[in-house]
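Reading the structure
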Amino acid sequence: MKIIMLGAPGAGKGTQAKMIAKEYGIPHISTGDIFRANIKEGTELGKEAKKYMDAGQLVPDELTVKILLDRVAKDDCKNGYVLDGFPRTIPQAEVLDEALTKLGDRIDFAIDVDVPDENIVRRMGGRRACVTCGATYHIEHVPPKKEGICDTCGSELILRDDDKPETVSNRLKVYHEQTQPLIDFYSKKGVLKSVDGTVDMMDVFAAIKTILE
Ligand code: ADP
Ligand code: AMP
């Protein structure tokens, strides 16, 4: 099963993608996580990506597409995957489509997690991410057991640089201009499904499971 998560930054794509990956035994692939791992390791890709991420811009397609295609070609993706944060532009979607068509394959579901902009600003301001394992929390909705500490690995939780209010409004603008058109793209392909992302995360997941099953 090959699934794409669509939705604004902070809509809950990562939260749901992790649950889908666990439930169906397929890898969760987040281009944002791949970039953050590269930033942490100080690679050239990380240095280049950081300039765009900190400004709330998209990393150029030339850099993004190759890392994604290399990742989905790995053995663990044979039975499918859930993509979180890719594609984010029409050209990215077209490249993925061509690569899959060459293999006689296609995306099964593009799930749009729908959350209005007003909620997004609160979601991202309250999001906290683990510096080590990348687990995400929310100070009100999904708090860790001990404030500022990751339940999974015990490391420090931080507010991502690109979740600061001045960057969030830019990310939303970029989302509406460059990523939202993908809803129409996948609708035309007949694989688009929408879920209400404003409800409790377990209820969002239940709606997604109904779609997938
Ligand atoms: P995305 O991957 O789309 O950027 P996340 O999954 O990281 O979004 O979610 C953004 C923030 O909102 C996180 O702090 C997360 O814990 C919280 N969150 C996710 N889903 C819900 C929900 N259904 N209700 C309330 N908060 C949520
Ligand atoms: P995310 O973790 O998905 O919120 O992504 C964080 C940031 O990484 C985004 O704001 C972009 O700057 C960059 N990024 C992640 N995925 C992509 C992508 N598919 N195309 C371009 N930039 C991306």
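Our subject is the structure that appears above.
Summary of the structure given here. (Residues numbered from 1 in each chain as written. Chains lettered and ligands numbered in written order. Predicted model: local features only at pLDDT ≥ 70, side-chain atom pairs only at ≥ 80, totals over all residues. Heavy atoms only, no water.)

Take the overall build of the protein chain next. Of the regular secondary structure elements, the protein chain holds nine helices and eight strands. For a compact globule of 213 residues, the expected C-alpha radius of gyration is about 17 Å, and the protein chain comes in at 16 Å, within 12% of that figure. Across its three principal axes, the protein chain shows a C-alpha extent of roughly 50 × 40 × 35 Å. Nonlocal contacts in the protein chain, meaning residues at least 24 apart in sequence, comprise 69% of its contacts between residues at least 6 apart. (Helix = DSSP H or I, 4+ residues; strand = E, 2+ residues; numbered from the N terminus. Rg over C-alpha atoms; globule rule 2.2 N^0.38 Å. Contact = heavy atoms within 4.5 Å.)

Side-chain pairing between opposite charges can occur once the charged atoms of the two side chains come close. Following the criterion strictly, the structure yields 18 salt bridges and no others. When the shortest N-O distance is used, the salt bridge between Asp161 and Lys50 registers 3.8 Å. Linking Asp161 in the loop between β7 (157-158) and α7 (165-179) with Lys50 in helix α3 (residues 44-54), this pair joins segments that are 111 residues apart in sequence. You can call Lys50 partly exposed: its relative accessible area is 29%. (Salt bridge = Lys/Arg side-chain N within 4 Å of Asp/Glu carboxyl O. Buried < 20%, exposed > 50% of the residue type's maximum accessible area, 1.4 Å probe, protein only.)

Before going further, it helps to spend a moment on the site of ligand 1. Around ligand 1 there are 19 residues in total, and Gly14, Thr15, Arg127, Tyr137 and Val199 lie nearest to it. Within the side chain of Arg123, an N or O atom sits 3.3 Å from a nitrogen atom of ligand 1. Val199 places a polar main-chain atom, nitrogen or oxygen, 2.8 Å from a nitrogen atom of ligand 1. The fraction of the free accessible surface of ligand 1 (560 Å²) that becomes covered by protein chains is 93%. Within the residue set of the shell around ligand 1, elements represented by two or more residues are α1 (13-24), β6 (136-138) and α9 (201-212). (Near = heavy atom within 4 Å. Polar contact = N/O pair within 3.5 Å; in protein donor to acceptor, adjacent residues only side chain to side chain. Areas by Shrake-Rupley, 256 points an atom, 1.4 Å probe, with all protein chains shown as cover.)

With that settled, consider the layout of surface pockets. Taken as a whole, the second largest pocket encloses approximately 210 Å³ of empty space. Along the walls of the second largest pocket sit 13 residues, with Val72, Ala73, Tyr81, Leu100 and Leu103 positioned nearest its centre. Counting only elements with at least two residues in the lining of the second largest pocket, the list comes to α4 (61-72) and α5 (90-102). The element contributing the most residues to the lining of the second largest pocket is α5, with three residues. Here the residues of the lining of the second largest pocket sort into nine nonpolar, no polar and four charged. (1 Å grid on protein atoms, 1.4 Å probe; cavity = no way out; pocket = protein on both sides within 12 Å on 5 of 7 lines; lining within 4 Å. Points joined across faces, edges and corners; volume = space filled by probe spheres on them. Nonpolar A, V, L, I, M, F, W, Y, C, P; charged D, E, K, R; others polar.)

Owing to its 3.6 residues per turn, the α-helix aligns residues three or four sequence positions apart on the same side. Residues of helix α2 (residues 31-41) that are buried: Thr31, Gly32, Phe35 and Asn38. Seen from one end, α2 has its buried residues packed into an arc of 125°, which puts them on one side. In α2, those exposed residues whose orientation departs by more than 90 degrees from the buried face are Lys40 and Glu41. The secondary structure elements touched by the buried residues of α2 are β2 (28-30), α3, α4 and β3 (81-84). (Arc of directions from axis to C-beta.)

What follows is about the site of ligand 2. Near ligand 2, the surroundings consist of 16 residues, among which Thr31, Arg36, Gln57, Gly85 and Gln92 are the closest. At 2.8 Å from a nitrogen atom of ligand 2 is found a side-chain nitrogen or oxygen belonging to Thr31. In isolation ligand 2 has 480 Å² of accessible area, and contact with the protein removes 96% of it. Element by element, the count of residues in the shell around ligand 2 is highest for α2, at four residues.

Attention now moves to the packing of α1 against α9. The N-to-C vectors of α1 and α9 enclose an angle of 50°; their axes lie 10 Å apart at closest approach. Judged by the angle between their axes, α1 and α9 are oblique. For the element pair α1 and α9, the recorded crossing hand is right-handed. Counted together, Thr15, Gln16, Met19, Ile20, Glu23 and Tyr24 of α1 and Met201, Met202, Val204, Phe205, Ile208, Lys209 and Leu212 of α9 form the full contact between these two elements. Within the contact of α1 with α9, the residues separate by chemical class into nine nonpolar, two polar and two charged. (Axes fitted to C-alpha atoms, helices over the stretch in contact; angles between N-to-C directions. Parallel < 35°, antiparallel > 145°, perpendicular 65-115°, else oblique. Left-handed = near helix turned anticlockwise from the far one by under 90°.)

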